[in-house]
Amino acid sequence: MGIGELDREAHVAEATSAGAAPRTLAEALRARGDEGLAALLRARPDLLSPVPNDLTQLATRAGTRGSVVRALERLDRFALQTAEALAVAPDPAPYPVLLALLTGDEGDPEIEAALPGAVALLREQALVWGEDDRLRLVRTARELLSPSPQHPSPTGLGPTVAEATAGMSPGRVQEIIATAGLPPTHDPVSAVAALTELFTDRARMGALLDEASPEALSVLDRLVWGPPYGEVTPNPAPPVQWLRDRGLLLPVSARTMVLPREVALHLRGGRAHRVPEPVAPVVGTARDYRPQVVDSAAAGQAHAALATVEELLKSWDQGGPQVLRAGGMSVRDLKRTAATLDVTEQLAAFWLELCFGAGLLASDGEADERYAPTPAYDDWLDLPPAERWARLVAPWLTATRTAGLVGGADAKGRTLAALGPDLDRAPAPEVRHRVLELLATLPPGAAADPGTLFARMRWERPLRGAAQAAPPRAPQTASGGPDDSTDPAPDASLDLRSRLARWTLAEAELLGLTGRGALAGPARALLNLPLAEAATPADHGGRVELSVAAGRAATLLAPLLPEAVDHVLLQADLTAVAPGPLRRPLADALAVLADVESKGGATVYRFTPGSVRRALDSGRSASDLHDFLTAHSRTPVPQPLAYLIDDVARKHGHLRIGAASAYVRCDDDTVLGEILADRRSAALGLRRLAPTVLAAQTDPASLLDGLRAMGYAPAAESAEGDVLVTRADAYRTPARTAPVPVPDGPPAPDTTLLGAAVKAIRAGDRAATAVRKEPAAPATTGGLPRTSAAETLATVQAAALTGSAVWIGYVNAEGAASQRVIAPVRVEGGFVTGYDHTADEVRTYPLHRITGVAELADDQV
């Protein structure tokens, strides 16, 4: 940047500070206070990566396509409609023109009241700049929102008369204005201006349309709200020909006509949008419950969620299904898991992803990779129930992995597998928070009406996930009908954000965050919201840490959960009834000794020969089992159960199995003879090695299972001949961390970062716009002044003596050139040390890297 350019920048800054209208976005940002800049950076954190050097660079970055698209996606519907109206308005547009485009001829008090806030929001996010008499939409946003044949405007408007006639011959333009009853002009520009003036004059336009036939007006009605393009035949019908001759339809190509924007606005009554939505839809109430009923229902769901997670992971104690080569679980394994939990496959996928997101489940990383519980699962089991619940819901709230996608297809048509890749959706945490916050705006105990809730979500972020919504409407012909009458499937109109909201409602109910559709008290604590009465959601910036909020939620949930019991009721039909959740040691022991037959308010366990044998395999004796049942049963041990334990124990260990590849030994050779004679043993490859020993061609585990299937009760033994004790919780993965959520863009900056960034940008801008003295020798065109080493040294030494600031050009070790304003305090050893106004700190620079130096103007020192 040359000296003249710097002078101009300084004069611009002075004019802006004096109250003159800004001429660029950079000037508009320069006129803001620190709070205004901080608000911009908070709303658009991508502008901070990295921190801009000055306000000109900040304005340039704010106008890039990627940043503008992200900012537009975060606008609510009315702010977006305001931006869309500015995109079809003259540039710049006075505020009354923008208001007229949104209210139309009849006016609308709600729009008039909401529009100042929408404009202020667009200004805050640097999408609009300028005073009310000259509102400007940033160029990139105008390009994205303006109508074009390739990208129709969301307003449904087409090009202006000037744009549509740009390629038309002057003679054809003169024919149109003559047919429309306008006097001929001397040039095409004035002819187009006359035609535009006609179409924007309500009285003259009304008189012209009074001459149109009903058929011609019907054609206009079909195009007025968009799409504005229609196809015509080489010999159009008389109504279409009448419209074309008067410029009410203008040609885009040989077979396509377009309705000019001015004509459409007249037919619409001046409105840019068919249905402006200045006010957010109100979330309605479906039904009211007492808050105590809601909390109790939510606590019941939370208890059921803990039981489901525990049942799932216990079923994988010896190792779960194999990991697919591409990652995730196979469909067959998902079906088995769903059958184990007695739920649908979609719900099974949710519980799997919940465990995975909480770090309780992972792959073991072995060559034959399988899923299994992690060591964190054992720690989780030792926690109180309410804390276990908090360890599940806190990761769910921030997780980007989305279980609802399981079973769908990715962009390449491949099925998305549970626990597999490609399930992360960055908007998921924001949607979950927002759904729960909207539920919190209702009175305690009120269940939201889902339709109004989803409408509110769509209003708040209409562009998020829009690429996955239904395809746009097919273009219309000038005669009116769509080219393709096939309607999309009903679900095709749901964008990602709407589907995430639906899944959030269902998952929150499963986890006990809601009860009967209403937000429960523990969920309010988790979101750091008021508990006593409904209130608007708390500011995100003022939230406490999620772990602290989860602890508060667990404290509120704990009294609502059923109290654990230390006893069961034994029945004569070989069952035991647990009248409530069992304490951990009793539950673990009973899970080995018996099988769960039914779950609910009371869990029913059934004793079978297999379950008793499982307990004996774990190292317990028959007397241990009798003592255990006697100590924990409120009823006497039934005789059938005692006989079952003694009968299984009498046979247990009668056969011994070891590794030959495997062998069977038994003191009773007749038993071995029975096994050899049984046809079912053929697959085991048994042969007699000695009267009391059989060798097998299979591994010990398969031999154990095979003999047990034949009705025997063998026991495994070690190389020393001792009985091996097996435990259900023997297998765990190595230590694993929970999956890290995929961020939805840069994180929101905190107050400290915002303050430092604003300070650095201000300092850099002061350095970039400071006024410099003209050097004695002319500077190279458009660059830094070039001074010799002696001149550079003399200038900085003089500045150090006088305490004045100088402007330097500096090239760092990577070869990047920059301009800085420094106040030298010490010059020695080939280095100059001084206060750098650009960086707002004291720095040291090698003199040989300073390309040039100039004094600042007297009024800038």
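Residues numbered from 1 in each chain as written. Predicted model: local features only at pLDDT ≥ 70, side-chain atom pairs only at ≥ 80, totals over all residues. Heavy atoms only, no water.

**Student:** Would you mind going over helix 15 (residues 238-245) in detail, with residue names and values included?
**Tutor:** An α-helical turn contains 3.6 residues, so a residue and the one three or four places further along point in the same direction. Among the residues of helix 15, Pro239, Val240, Trp242 and Leu243 are the ones counted as buried. Viewed end-on, helix 15 has its buried residues packed into an arc of 160°, placing them on one side of the element. The secondary structure elements touched by the buried residues of helix 15 are helix 13 (202-210) and helix 14 (214-224). Positive backbone phi, at 80°, marks Gly247, one or two positions downstream of helix 15. (Buried < 20%, exposed > 50% of the residue type's maximum accessible area, 1.4 Å probe, protein only. Helix = DSSP H or I, 4+ residues; strand = E, 2+ residues; numbered from the N terminus. Arc of directions from axis to C-beta. Contact = heavy atoms within 4.5 Å.)

**Student:** Describe the sheet that holds strand 23 (residues 817-828), listing the residues and the values that go with them.
**Tutor:** Reading across from one edge, 25-24-23-22-26 is the order of the 5 strands in this open sheet, with antiparallel pairing throughout. One side of each edge strand has no neighbouring strand; the edge strands of this open sheet are strand 25 (841-846) and strand 26 (850-855). Ignoring strand direction, the axes of neighbouring strands in this sheet form an average angle of 45°. Across 6 bridges, the pairing between strand 23 and strand 24 (residues 831-836) is antiparallel. If you follow Pro824 over to strand 24, its bridge partner there is Gly834. The strands touched by helix 34 (residues 789-802) are strand 22 (806-811), strand 23, strand 24 and strand 26; relative to strand 23, the strand with the most contacts, the crossing angle is about 65°. (Pairing = 2+ DSSP bridges. Axes fitted to C-alpha atoms, helices over the stretch in contact; angles between N-to-C directions.)

**Student:** So what's going on with the sheet that holds strand 14 (residues 575-578)? Which residues, and what values?
**Tutor:** With antiparallel pairing, 4 strands are arranged side by side in an open sheet as 13-14-16-15. Every interior strand has two partners, whereas the edge strands, strand 13 (569-570) and strand 15 (595-598), have only one. Here 3 bridges tie strand 15 to strand 16 (residues 603-606), and the two strands are oriented antiparallel to one another. Of the residues in strand 16, the one forming a bridge with Val596 is Tyr605.

**Student:** Would you mind going over the packing of aromatic side chains in detail, with residue names and values included?
**Tutor:** In total, this model carries 4 aromatic pairs according to the counting rule given. Taken together, a centroid distance of 6.5 Å and an interplanar angle of 25° make the contact between Trp316 and Tyr371 stacked. In this pair, Trp316 is assigned in the loop between helix 17 (291-314) and helix 18 (331-341) and Tyr371 in strand 8 (residues 371-373), connecting sequence segments 55 residues apart. Between Tyr810 and Tyr845 the ring centres are 4.8 Å apart and the planes differ by 65°, which places this aromatic pair in the edge-to-face class. Remark: Tyr845 occurs in strand 25 and Tyr810 occurs in strand 22; sequence separation between them is 35 residues. Looking at Tyr810, the relative accessible area reads 12%, which means it is buried. A relative accessible area of 4% places Tyr845 in the buried class. (Phe/Tyr/Trp six-rings, centres within 6.5 Å; stacked < 30°, edge-to-face > 60°.)

**Student:** So what's going on with the pattern of salt bridges? Residues and values would help.
**Tutor:** Considering all chains together, one arrives at 31 salt bridges under this definition. In this structure, Glu163 and Arg261 form a salt bridge, with 3.7 Å as the shortest nitrogen-oxygen distance. Of this pair, Glu163 sits in helix 10 (residues 161-164) while Arg261 sits in helix 16 (residues 261-267); the two residues are 98 residues apart in sequence, bridging distant segments of the chain. Residue Arg261 is classed as buried on the basis of its relative accessible area of 7%. Three or more residues joined by partner-sharing salt bridges are found here, namely Glu310, Lys314, Arg388 and Asp588. (Salt bridge = Lys/Arg side-chain N within 4 Å of Asp/Glu carboxyl O.)

**Student:** Which residues make up the packing of helix 21 (residues 385-398) against helix 22 (residues 428-440), and what values go with them?
**Tutor:** Packing of helix 21 against helix 22 brings their axes to within 6 Å, and their N-to-C directions diverge by 115°. With respect to each other, helix 21 and helix 22 are oriented roughly perpendicular. Between helix 21 and helix 22, the contacting residues are Trp396, Leu397 and Thr398 on the first element and Pro429, Arg432, His433 and Leu436 on the second. Looking at the contact of helix 21 with helix 22 residue by residue, the classes come out as 4 nonpolar, 2 polar and 1 charged. (Parallel < 35°, antiparallel > 145°, perpendicular 65-115°, else oblique. Nonpolar A, V, L, I, M, F, W, Y, C, P; charged D, E, K, R; others polar.)

**Student:** Can you break down unusual backbone geometry residue by residue, with the values?
**Tutor:** Cis geometry marks the peptide bond from Ser49 to Pro50, where omega comes out at -10°. Tracing the backbone through its elements, the reader meets Pro50 in the loop between helix 3 (34-43) and helix 4 (55-62). Note the cis peptide between Asp91 and Pro92, where omega equals 0°. With respect to the helices, strands and loops of the structure, Pro92 is situated in the loop between helix 6 (77-88) and helix 7 (95-103). Although it is not a glycine, Asp342 adopts a positive phi angle of roughly 60°. Position of Asp342 relative to the elements: it lies in the loop between helix 18 and helix 19 (345-357). Even without glycine at this site, Leu419 takes up a positive phi of about 65°. In this structure, Leu419 sits in the loop between helix 21 and helix 22.

**Student:** Before we move on, can you summarise the pairing of strand 20 (residues 693-696) with the specific residues and values?
**Tutor:** Sheet analysis places strand 18 (residues 662-665) next to strand 20, joined by 4 bridges and oriented antiparallel. Note that in strand 20 the partner of Ala662 across the bridge is Ala696. One ladder, built from 3 bridges, connects strand 19 (residues 687-690) with strand 20; its direction is antiparallel. Along strand 20, the bridge assignment pairs Arg688 with Leu694.

**Student:** Give a description of empty space enclosed by the protein that names residues and reports values.
**Tutor:** The full count for this structure, using the stated rule, is 1 cavity of 30 Å³ or more. Taken as a whole, the largest cavity holds about 40 Å³ of empty space. Lining the largest cavity, in full, are Thr402, Ala403, Ala428, Arg432, Leu500, Trp503, Thr504 and Glu507. Within the residue set of the lining of the largest cavity, elements represented by two or more residues are helix 22 and helix 24 (496-511). The element best represented in the lining of the largest cavity is helix 24, accounting for 4 residues. Of the residues that constitute the lining of the largest cavity, the class distribution is 4 nonpolar, 2 polar and 2 charged. (1 Å grid on protein atoms, 1.4 Å probe; cavity = no way out; pocket = protein on both sides within 12 Å on 5 of 7 lines; lining within 4 Å. Points joined across faces, edges and corners; volume = space filled by probe spheres on them.)

**Student:** An account of the side chain of His273 is needed here, citing residue identities and associated values.
**Tutor:** For His273, the location among the structural elements is in the loop between helix 16 and strand 6 (285-288). Those residues within four positions of His273 in sequence are excluded, and the remaining contacts are Gln81, Glu84, Ala85, Leu101, Leu102, Thr155, Trp225 and Arg268.

**Student:** Could you give me a rundown of the confidence of the model for the protein, with the residues and numbers involved?
**Tutor:** Residue-level pLDDT values for the protein average 84, and 88% of them are 70 or greater. Segment residues 776-782 is flagged for pLDDT under 50; beyond a separation of four residues in sequence, or across chains, it makes 4 contacts in the model. (pLDDT = per-residue confidence, 0-100.)

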